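Residues per chain are reported as follows:
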Amino acid sequence: MFHILSSMISNQNNTDTSVPKSVDKACKRAPSWVSTETKRAAVTITEDQVRGIFNRYDTNKDGRLSKQELKNAFASLGSRMPGVRAFLALQHADTNGDGYISAAEFEKLVDYTLKRGYKIK
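Residues numbered from 1 in each chain as written. Predicted model: local features only at pLDDT ≥ 70, side-chain atom pairs only at ≥ 80, totals over all residues. Heavy atoms only, no water.

**Focus on the overall build of the protein chain**
Reasoning step 1: Scanning the protein chain from terminus to terminus reveals five helices and two strands.
Reasoning step 2: Going from N to C terminus, the protein chain has its helices and strands arranged as α-β-α-α-α-α-β.
Reasoning step 3: When burial is assessed residue by residue, the protein chain has 25% of its 121 residues classed as buried.
Reasoning step 4: A fraction of 47% describes how many contacts in the protein chain between residues 6 or more apart in sequence connect residues 24 or more apart.
Reasoning step 5: Accessible surface computed for the protein chain: about 8,900 Å², of which carbon and sulfur atoms make up 53%. (Helix = DSSP H or I, 4+ residues; strand = E, 2+ residues; numbered from the N terminus. Buried < 20%, exposed > 50% of the residue type's maximum accessible area, 1.4 Å probe, protein only. Contact = heavy atoms within 4.5 Å. Areas by Shrake-Rupley, 256 points an atom, 1.4 Å probe, with all protein chains shown as cover.)

**A few points about the nonpolar core**
Reasoning step 1: Phe-54, Leu-65, Leu-70, Phe-74, Ile-101 and Leu-109 are the most contacted members of the largest nonpolar core, which has 19 residues in total.
Reasoning step 2: Those elements that place two or more of their residues in this core are helix H2 (47-56), helix H3 (67-76), helix H4 (82-93) and helix H5 (106-115).
Reasoning step 3: Discounting residues that sit within four places of it in the chain, Ile-101 has contacts with Gly-63, Arg-64, Leu-65, Leu-70, Ala-89, Leu-90, Ala-93, Asp-94, Phe-106 and Leu-109. (Core = buried A, V, L, I, M, F, W, Y, C linked by side-chain atoms within 4.5 Å.)

**Observations concerning H3**
Reasoning step 1: Taken as a whole, H3 has its buried residues at Glu-69, Leu-70, Ala-73 and Phe-74. Each buried residue of H3 sits inside an arc of 130° when the element is viewed along its axis, so together they form one side.
Reasoning step 2: Close packing links the buried residues of H3 with H2, H4 and H5.
Reasoning step 3: Of the residues flanking the end of H3, it is Gly-78, one or two places downstream, whose phi is positive at about 95°. (Arc of directions from axis to C-beta.)

**Things to note about the pattern of salt bridges**
Reasoning step 1: On inspection of all chains with the given rule, the structure shows four salt bridges.
Reasoning step 2: The closest approach of N and O atoms between Asp-62 and Arg-64, which form a salt bridge, is 3.7 Å.
Reasoning step 3: By relative accessible area, which is 30% here, Arg-64 ends up partly exposed. (Salt bridge = Lys/Arg side-chain N within 4 Å of Asp/Glu carboxyl O.)

**Re the packing of aromatic side chains**
Reasoning step 1: Within this structure, the stated rule accounts for three aromatic pairs.
Reasoning step 2: Ring centres 5.6 Å apart and planes at 75° place the aromatic pair Phe-54 and Phe-74 in the edge-to-face group. Here the residue Phe-54 occupies a position in helix H2, and Phe-74 occupies one in helix H3, the gap between them amounting to 20 residues.
Reasoning step 3: We classify Phe-74 as buried; its relative accessible area is 0%.
Reasoning step 4: Between Phe-74 and Tyr-118, the aromatic rings sit 6.1 Å apart at their centres with planes inclined by 45°, giving tilted as the arrangement. Note that Phe-74 is positioned in helix H3 and Tyr-118 in the loop between H5 and strand E2 (119-120), a separation of 44 residues in sequence.
Reasoning step 5: The exposure class assigned to Tyr-118 is buried, which follows from its relative accessible area of 12%.
Reasoning step 6: One aromatic cluster is present, built from ring pairs that chain together Phe-54, Phe-74, Phe-106 and Tyr-118.
Reasoning step 7: Against the face of Tyr-100 rests Arg-64, its NZ or CZ located 3.8 Å from the ring centre. (Phe/Tyr/Trp six-rings, centres within 6.5 Å; stacked < 30°, edge-to-face > 60°. Lys NZ or Arg CZ within 6 Å of the ring centre and 35° of its normal.)

Below, the structure written as structure tokens:
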């Protein structure tokens, strides 16, 4: 009887209502609804990381970024609509209007991307 009462009292004091106290989160056979992963804080991407991503997505290595290469780069950054983001980046950074981001326009692209506040998870 004492055990039942003490468990009722401890359940009232339990602040974590999402997982019953009787469920061991570390158990390999824990139910699928019990999260065993720790959450990580997202960190804002740095200028060097943005440069590296855009350089990596210059797939044909011509020193210019096409709309498709921009789309792929923004997709890797986690953009919800990478095609739209690539179009807007071209509108912002492509000063000569040739449809590519050249080396001279690269700084404007990096600044534009940093202002969007992408994060690494």
